[in-house]
Amino acid sequence: MDPSYSPYDYAVHEDPYPLYARLRDEAPLYRNDELDFWALSRHEDVAKAFRDFATFSSSNGVSLEPSAWGPYAHRTMSFLALDPPKHTRMRALVSKGFTPRRVELMADGIRELTASYLDEALSGGESDWVTDFAGLLPMDVISQMIGVPKADRAEVRRLADIVVHREEGVFDVPPAGMEAALTLAGYYQDLVAEKRARPGDDLTSALLDVETDGDRLTDKEVIAFLFLMVVAGNETTTKLLANALYWGFRHPEQVRKPLDDPGRVDDWIEETLRYDTSSQMIGRTVAKDVELHGTTVKAGERMLLLVGSANRDPRVFDRAGEYDLDRDTSQLVSFGGGRHFCLGANLARLEARIALTELVRRVRGFEVDEAGARRVHSINVRGFASLPVRWEAR
Ligand code: HEM
């Protein structure tokens, strides 16, 4: 039988990797007629497509969800859903505010948040790593960065969670998600007005202030960007933190390395990003006819780039199916590539480094309750909704 791939399939959410292997070998250009998409699964093809924006356009957005797909996707997804030159302009302006220095300055705040959530999560000897830690930190870091006052952060996090939450079997933005998105957009609108009136030392104020050759971001553009940070930087980082714990637990000889030497935490993060990444696939629209593996794909067709599969391609990674903290992970495509390369990659890595380093300083080991773990059923995000863990304190 030919391999059959659907991102809606629960079996795929459980374990997509055997199917990815078949796609890479048997159908490197895969076609799903029913859902009307093509998919590329080999590392070489995915990495090339990320760089070739003239052929693989982001102009309809990058998510298959029906209400997120189409020419207006940029209204909520900002420059993630734009091609050059519009993308170039927005990204250049935003990058001026989102500098490596600004990210580095976040470290103290991240450490403080980490310490307070970790103390609480570890205090009883058992906790849910997602509910009590991984699901809290990333959104609060974003709020801190963009200047949301402390008193509002819990409510902003609650709204952001509803925006990305999907019940099992629901594969479009549900009404509650739409409503929360509107409320959050309204909140950001007020925040932008407030920062215009009284600028602070935060990213929102920096973005409002940025100017290149007389060009500035409008309030609407700043709000869409703040919204993009929630969609792009919140759930993905939560999933990374929980995937690290889960795969560490499943490979005790590997997780021993960072547990014994916090200097190995970066290797734990990178190998988790490669082995089982949060963003499993990214969509594109084919902008001009292109020949792939002997087939012409027509302009206007939808193409999925299977990032999760590319990261396991044995053509690039030796023993790709093994979780090994000693390997070279430099070719991973978890943060995309080319013009749209994840703007928050440094921040995500910094957060994960601080969180997992603080964790291994406090615990000598941990045990995941696999029977109690619950996966999210999402078409593009892979990870846990719940991960109960028993801690062995140092
Ligand atoms: C483990 C965590 C993360 C993963 C796996 C991830 C993954 C990605 C990927 C694959 C893309 C490329 C999308 C495309 O090519 O269409 C992307 C773009 C982006 N990410 Fe991340 N991301 C993470 C964390 C973050 C964080 C923490 C932020 C910011 C707070 C962030 C902000 C963005 C933005 C703004 C873009 C759009 C860049 C552009 O279109 O030019 N991401 N991310």
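Predicted, not measured: the structure shown is a model, and the values here were computed from it.

(A) Looking closely at the nonpolar core. Ranked by size, the top nonpolar core spans 86 residues in total, and within it Trp 129, Tyr 188, Leu 245, Trp 268, Leu 356 and Leu 387 carry the most contacts. For this core, the element with the most residues is helix H18 (residues 345-362), which contributes 10 residues. With residues near it in sequence (within four places) discarded, Trp 129 still touches Leu 118, Ala 134, Gly 135, Leu 241, Ala 242, Leu 245, Leu 356, Leu 359, Leu 387, Val 389 and Trp 391. Judged by nonpolar contacts, the second largest core, of 19 residues, contains Ala 49, Val 290, Leu 292 and Val 307.

(B) Layout of helix H11 (residues 175-197). Its 23 residues give H11 an end-to-end C-alpha distance of 33 Å, which sits within 8% of 33 Å, the value for a rise of 1.5 Å per residue. Among the structural elements, helix H9 (137-146), helix H10 (153-164), helix H12 (203-209) and helix H13 (219-233) are those in contact with the buried residues of H11.

(C) A look at the sheet that holds strand E9 (residues 363-368). On the basis of which strands lie adjacent, the open sheet formed by three strands has the order E4-E12-E9 and antiparallel pairing. Each edge of the open sheet is held by one strand with a lone partner, namely strand E4 (126-128) and E9. On average, each strand axis in the sheet is inclined to that of its neighbour by 30°, with strand direction left out of account. Bridge analysis of E4 against strand E12 (residues 388-393) gives three bridges, and the strand direction is antiparallel. If you follow Glu 126 over to E12, its bridge partner there is Arg 390.

(D) Structural view of helix H5 (residues 86-97). The end-to-end C-alpha distance of H5, which contains 12 residues, comes to 18 Å, matching closely the 16 Å that a straight helix rising 1.5 Å per residue would cover. The set of residues buried in H5 consists of His 87, Met 90, Arg 91, Leu 93, Val 94 and Gly 97. Looking down the long axis of H5, one finds its buried residues gathered within 165° of arc, a one-sided arrangement. Where H5 is buried, its residues touch helix H6 (100-105), H12 and H13.

Parameters at a glance
- Residues numbered from 1 in each chain as written.
- Predicted model: local features only at pLDDT ≥ 70, side-chain atom pairs only at ≥ 80, totals over all residues.
- Heavy atoms only, no water.
- Core = buried A, V, L, I, M, F, W, Y, C linked by side-chain atoms within 4.5 Å.
- Buried < 20%, exposed > 50% of the residue type's maximum accessible area, 1.4 Å probe, protein only.
- Helix = DSSP H or I, 4+ residues; strand = E, 2+ residues; numbered from the N terminus.
- Contact = heavy atoms within 4.5 Å.
- Expected span 1.5 Å × (residues − 1).
- Pairing = 2+ DSSP bridges.
- Axes fitted to C-alpha atoms, helices over the stretch in contact; angles between N-to-C directions.
- Arc of directions from axis to C-beta.

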